[in-house]
Amino acid sequence: MFSLSLCLFFFNLSLRSFMWNVKGPYQGGVWKIRVELPDAYPYNSPFIGFVNKIYHPNIDEMSGSVCLDVINETWSPMFDLVNVFEVFLPQLLLYPNPSHPMNGEAGALMMRDHNTYEQRVKEYCEKYAKPEDAGLATEEKSSDEELSEDEYASSDEAVAGQPDP
C-alpha cells in the first residue's frame, strides 16, 4: 500500500496543495513548487522549480530547477498544469534519470550506490521537506480534503440563511 505524500505547489498567485501516492525515498516529503508560464504556453512547457531543497539527479540542488530536457521530452500543448502536478512530478520522483543529471553528485551516487542515494534522499526529506519548510502549517487542511458532515452542514446554513416567513 502507498503512503500519502503531501506536496504544496505555488503557481501565479494561487496556492493549492496536492496529495500524491508516492512510495520510495521521497515518501512523506513536502515541497513548495514554483511554476512560471512562458508567453508561448501551452506550446512551450512551463518552468518548474522546487523552492525548498530536494536531492534528485534531475533537479538542480541550488536553484531547484527541474531539468528542462525532462519536461520538454514529453511536453505537448494538450497538457495543462494538472498534468504537471498529477503525472509529471510524481513520475519524476518515482523514476529519476541519473544518465542526464542536473545534480551530478546525485546522479553518480544513484548509479554507484543506490542504497546510499536513497538514504541521502531521506535525509534531505527529513531536513528540508517538512510542512513548515514549504510554508504549510501542520494543522492546515489540504484544499482537496472533503468537509466533515458537520462542517458541510454548517457552511450550507451560513450561506443560505433563514427562510422567509
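The rules we used
- Residues numbered from 1 in each chain as written.
- Predicted model: local features only at pLDDT ≥ 70, side-chain atom pairs only at ≥ 80, totals over all residues.
- Heavy atoms only, no water.
- Helix = DSSP H or I, 4+ residues; strand = E, 2+ residues; numbered from the N terminus.
- Buried < 20%, exposed > 50% of the residue type's maximum accessible area, 1.4 Å probe, protein only.
- Contact = heavy atoms within 4.5 Å.
- Areas by Shrake-Rupley, 256 points an atom, 1.4 Å probe, with all protein chains shown as cover.
- Core = buried A, V, L, I, M, F, W, Y, C linked by side-chain atoms within 4.5 Å.
- Axes fitted to C-alpha atoms, helices over the stretch in contact; angles between N-to-C directions.
- Parallel < 35°, antiparallel > 145°, perpendicular 65-115°, else oblique.
- Nonpolar A, V, L, I, M, F, W, Y, C, P; charged D, E, K, R; others polar.
- pLDDT = per-residue confidence, 0-100.
- Phe/Tyr/Trp six-rings, centres within 6.5 Å; stacked < 30°, edge-to-face > 60°.
- Polar contact = N/O pair within 3.5 Å; in protein donor to acceptor, adjacent residues only side chain to side chain.
- Expected span 1.5 Å × (residues − 1).

With that out of the way, let us pick up the overall build of the chain. The secondary structure content of the chain amounts to five helices and four strands. Listing each helix as α and each strand as β along the chain from the N terminus yields β-β-β-β-α-α-α-α-α. Out of the 165 residues belonging to the chain, those deemed buried represent 36%. For the chain, the proportion of contacts with a sequence separation of at least 24, taken over those separated by at least 6, is 56%. Entry remark: accessible area of the chain is about 10,200 Å², with carbon and sulfur atoms responsible for 53%.

Turning to the nonpolar core, a few remarks are in order. Inside soluble globular proteins, nonpolar side chains tend to come together where they are buried. Counting residues in hydrophobic clusters, the biggest one holds 27 residues, and the most contacted among them are Trp 31 and Leu 89. When residues of this core are traced back to their parent elements, those giving at least two are strand 3 (32-36), strand 4 (47-50), helix 2 (81-94), helix 3 (104-112) and helix 4 (114-128). The element that contributes the greatest number of residues to this core is helix 2, accounting for seven residues.

Let us now look at the packing of helix 3 against helix 4. Think of two packed helices as two axes; the pair is described by the angle between the axes and how far apart they sit. Relative to each other, helix 3 and helix 4 sit at 135°, their axes nearing to 5 Å. With respect to each other, helix 3 and helix 4 are oriented oblique. Contacts between helix 3 and helix 4 involve Glu 105, Ala 106, Leu 109, Met 110 and Arg 112 from the former and His 114, Thr 116, Tyr 117 and Arg 120 from the latter. In terms of residue class, the contact of helix 3 with helix 4 is made up of four nonpolar, two polar and three charged.

So, on to the confidence of the model for the chain. Confidence in the prediction of the chain, expressed as mean pLDDT, is 78, and 68% of residues score 70 or more. Looking across the chain, the model is least confident in strand 1 (residues 4-11), with a mean pLDDT of 41, and most confident in helix 3, with 98. Long-range and interchain partners of residues 140-148, a stretch whose pLDDT sits below 50, account for 10 contacts in this model, where long-range means more than four residues apart.

As a further point, take the packing of aromatic side chains. Here the structure, examined in full by the defined rule, presents seven aromatic pairs. Ring geometry for Tyr 41 and Trp 75: centres 6.1 Å apart, planes at 40°, overall tilted. Of this pair, Tyr 41 sits in the loop between strand 3 and strand 4 while Trp 75 sits in the loop between helix 1 (68-74) and helix 2, placing them 34 residues apart in sequence. Judged by relative accessible area, Trp 75 falls into the buried class, the value being 15%.

Glancing now at the environment of Ile 33. Along the chain, Ile 33 falls in strand 3. Look at Ile 33 and you get buried, because its relative accessible area is 1%. Remark: the alpha-carbon pair of Ile 33 and Ala 134, spanning 101 residues in sequence, is separated by 8.7 Å.

Tracing the backbone shows His 56 in the loop between strand 4 and helix 1. Within polar-contact distance, the side chain of His 56 engages the backbone oxygen of Leu 92 at 2.8 Å. Discounting chain neighbours no more than four positions away, the residues touching His 56 are Tyr 26, Leu 92, Leu 93, Pro 96, Asn 103, Ala 106 and Tyr 117.

This paragraph deals with helix 4. Since the α-helix advances by 3.6 residues per turn, residues separated by three or four positions end up pointing in the same direction. Here helix 4 spans 21 Å end to end across 15 residues, near enough to the 21 Å set by a 1.5 Å rise per residue. Elements that come into contact with the buried residues of helix 4 comprise helix 3.

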